[in-house]
Amino acid sequence: MKIGVLAFITETSIDTMTFARKAESLGFDTFYLPEHPIIPVVRKSAYPASADGVMPEGLAHFIDPFIGLAQAAAVTSRIELGTGICLVPEHDPIILAKEIATLDLCSGGRFIFGIGAGWLAEESAVMGVDFKRRWPMTREYIRAMKALWTKVEASFDGEFVKFPAVKCYPKPTRKPHPPVLIGATASGAARERALRDTVAIGDGWAPLALTPEVLATEAGKLKKLCAEAGRDYNALEIAMFAPVVNGEPSQVREQYQEAGAHQLIFILDSPAPDTWERQLTDLAKKWLI
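Residues numbered from 1 in each chain as written. Predicted model: local features only at pLDDT ≥ 70, side-chain atom pairs only at ≥ 80, totals over all residues. Heavy atoms only, no water.

Student: Got a minute to help me understand the pairing of strand 5 (residues 154-157) in this structure?
Tutor: Every regular strand shows the same layout, with side chains that alternate between the two sheet faces. Only one face of strand 5 is covered, namely the face carrying A154 and F156; the face carrying S155 and D157 is uncovered. Pairing of strand 5 with strand 6 (residues 162-166), which is carried by three bridges, proceeds in the antiparallel orientation. Looking across to strand 6, one finds that A154 is bridged to V166. Where strand 5 hands over to strand 6, the hairpin turn is made up of four residues, counted between the paired strands. (Buried < 20%, exposed > 50% of the residue type's maximum accessible area, 1.4 Å probe, protein only. Helix = DSSP H or I, 4+ residues; strand = E, 2+ residues; numbered from the N terminus. Pairing = 2+ DSSP bridges.)

See below:
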């Protein structure tokens, strides 16, 4: 079972390099950064991670994850580095493919591509994304990026992405490309969509805040979808973000492992300069064996 940490790094928090260096020295397996390029001032969308729907101010202050992870790569050698998650349709897919391949090269093949399409409709609108079609865009962008990562001369002719034969280098160090983890925060039809996308375009699934019992049920659905599509379920990685902790760490680890998780990622949403090291060290003492 891998143990990772996601940090809300901002202009007033501890810096990425110091945080990542300490996380690696403590023994964490993975380090993730989230993404919100902008947060619209006027919005009606409720924040899904809080009961009252109020969005924390810190979400508007996230640093760019790719620059932050490049900083982390420069001062670490072992810990894997990922987006948790990247809002794919808010990027140009060719430029994004180039950035990721370069980051994977510079980190020695340590990049993990956690992806999503966004939950904030007003943000999507500002970024030029049709909110209702954000997932069809994302699927196509990922397929186009995989072509750029894996082919000597790549071309693509889709609805949202079109380009003639091009050369795009460097190629990622990890082959055939960095693992793509499909993020999902919602339930119901949206979660079913995430499971289908994991089978269709992903190398793993990255759910948020599911209990071990719910995860086991959803993993069973994922296994069935893999069998129907001819994919090897055992080749997929399930990365559980913000695990629900009810019990002692060893018990919780065992419950999630039995449910199908390969990785638990804990979130530090306020790594302030005067408290972050104690928070991270306490987390390591509880969860790292």
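Student: I keep staring at the nonpolar core and nothing clicks. Help me out?
Tutor: In a soluble, globular protein the nonpolar side chains are often hidden away together inside. Among the nonpolar cores identified, the biggest contains 72 residues, and F31 and F113 are the most heavily contacted of them. By residue number, the principal contributor to this core is helix 5 (residues 134-150), which donates nine residues. Beyond its immediate sequence surroundings of up to four residues, F113 is in contact with T83, C86, V88, L96, I100, I142, M145, W149, P179, V180 and L181. M55, F62, A239 and I265 belong to the second largest nonpolar core, which has 15 residues in total. (Core = buried A, V, L, I, M, F, W, Y, C linked by side-chain atoms within 4.5 Å. Contact = heavy atoms within 4.5 Å.)

Student: Hey, could you run me through the environment of G109 in this one?
Tutor: Counting through the fold element by element, G109 comes out in the loop between helix 3 (93-106) and strand 4 (111-116). Note on G109: relative accessible area 15%, which makes it buried. Sequence separation of G109 and T173 is 64 residues, and the distance between their C-alpha atoms is 4.8 Å. In contact with G109, other than residues within four places in its own chain, are D104, T173 and R174.

Student: Can you walk me through helix 2 (residues 65-74) in this structure?
Tutor: Those residues of helix 2 that fall on the buried side of the exposure criterion are P65, F66, G68, L69, A72 and A73. An end-on view of helix 2 places all buried positions within 160 degrees of arc, on one side of the element. Turned more than 90 degrees off the buried face of helix 2, the exposed positions are I67 and A74. The inward-facing, buried residues of helix 2 contact helix 1 (16-26), strand 2 (30-33), strand 3 (80-87), helix 3 and strand 4. (Arc of directions from axis to C-beta.)

Student: Would you mind showing me how to read the pairing of strand 10 (residues 263-268) here?
Tutor: Counting buried residues in strand 10 gives five out of six residues, a clear majority hidden from the surface. In this structure, strand 9 (residues 237-241) lies alongside strand 10, joined through three bridges in parallel fashion. Of the residues in strand 10, the one forming a bridge with M240 is L264. Of the crossover connections in this fold, the one passing from strand 9 over helix 8 (residues 249-259) to the parallel strand 10 is right-handed. (Right-handed = clockwise from strand over helix to strand, strands pointing away.)

Student: Can you help me understand the packing of aromatic side chains in this one?
Tutor: To describe a pair of aromatic rings, one takes the distance between the centres and the angle between the planes. Under the criterion given, the structure shown has 10 aromatic pairs. Between F19 and W276, the aromatic rings sit 5.7 Å apart at their centres with planes inclined by 40 degrees, giving tilted as the arrangement. Of this pair, F19 sits in helix 1 while W276 sits in helix 9 (residues 276-287); the two residues are 257 residues apart in sequence, bridging distant segments of the chain. Grouping aromatic residues by their ring pairs yields a cluster made of F66, F111, F113 and W149. Taking NZ or CZ as reference, R134 lies 3.8 Å from the ring centre of F131, over its face. Sitting above the plane of the Y169 ring, K171 keeps its charged end 4.7 Å from the centroid. (Phe/Tyr/Trp six-rings, centres within 6.5 Å; stacked < 30°, edge-to-face > 60°. Lys NZ or Arg CZ within 6 Å of the ring centre and 35° of its normal.)

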